[in-house]
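Per-entry structural report
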Amino acid sequence: MSTEPHAPRTYEILLVPEHVVEGSADDAVRSAVVAPTGQNGASGYPRYSGDGMVADIDPTTRTVEALLVDGSELDYGLKPVLRPRT
């Protein structure tokens, strides 16, 4: 897990269509609140999970590096948008 002092404890992952530029809750076809598992994923970044999603998230850039939705890779045409939560 990250020791970065300002890293949020949880994130919300929004799955939005790829053509959406910013992505908001109104654009999301699905969302999940994920919390750290205390482990690193295959990508080497901290792993977060919750609500059927498992994600490796780079806490420095706040980028989703790997994502499984209900145990499967993300469907084509969708992209994750990450929002910090406290």
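Our structure is the block above this text.
An account of the accompanying structure is given in this report.

What counts and what doesn't
- Residues numbered from 1 in each chain as written.
- Predicted model: local features only at pLDDT ≥ 70, side-chain atom pairs only at ≥ 80, totals over all residues.
- Heavy atoms only, no water.
- Helix = DSSP H or I, 4+ residues; strand = E, 2+ residues; numbered from the N terminus.
- Buried < 20%, exposed > 50% of the residue type's maximum accessible area, 1.4 Å probe, protein only.
- Phe/Tyr/Trp six-rings, centres within 6.5 Å; stacked < 30°, edge-to-face > 60°.
- Pairing = 2+ DSSP bridges.
- Salt bridge = Lys/Arg side-chain N within 4 Å of Asp/Glu carboxyl O.

On to unusual backbone geometry, then. Positive phi, close to 55 degrees, is recorded for R62, a residue that is not glycine. Locating R62 in the fold gives a position in the loop between β4 (53-58) and β5 (63-69). Within the chain, D70 stands out as a residue other than glycine whose phi angle is a positive 50 degrees. Looking at the element boundaries, D70 is found in the loop between β5 and β6 (72-73). Judged by relative accessible area, which is 54%, D70 ranks as exposed.

Turning our eyes to something else, we now look at the packing of aromatic side chains. For any pair of aromatic rings, the description consists of the separation of the ring centres together with the inter-plane angle of the planes. Tallied over the full model, the rule gives one aromatic pair. Ring centres 5.2 Å apart and planes at 70 degrees place the aromatic pair Y11 and Y48 in the edge-to-face group. Of the two residues, Y11 is situated in strand β1 (residues 10-17) and Y48 in strand β3 (residues 46-50); the sequence distance between them amounts to 37 residues. On the basis of relative accessibility, which here comes to 2%, the residue Y48 falls in the buried class.

Here we take up the sheet that holds β1. Spatially, seven strands are ordered β6-β5-β4-β3-β2-β1-β7 in an open sheet, and the strand pairing comes out antiparallel. Bordering the open sheet on either side are β6 and β7 (78-85), each of which pairs with just one other strand. As paired strands, β4 and β5 are joined by six bridges and run antiparallel to one another. Bridged to A55 within β5 is L67.

Close approach of charged atoms lets side chains of opposite charge pair. If you walk through the whole model with that rule in mind, you get three salt bridges. For the salt bridge of R30 with D70, the shortest nitrogen-to-oxygen distance reads 2.7 Å. Residue R30 is found in strand β2 (residues 30-40), and its partner D70 is found in the loop between β5 and β6; the two are separated by 40 residues along the sequence. The exposure class assigned to R30 is partly exposed, which follows from its relative accessible area of 28%. Ionic pairing is found between R47 and D56, a salt bridge with its closest N-O pair at 3.0 Å. On the basis of relative accessible area, R47 is assigned to the partly exposed category, the value being 26%.

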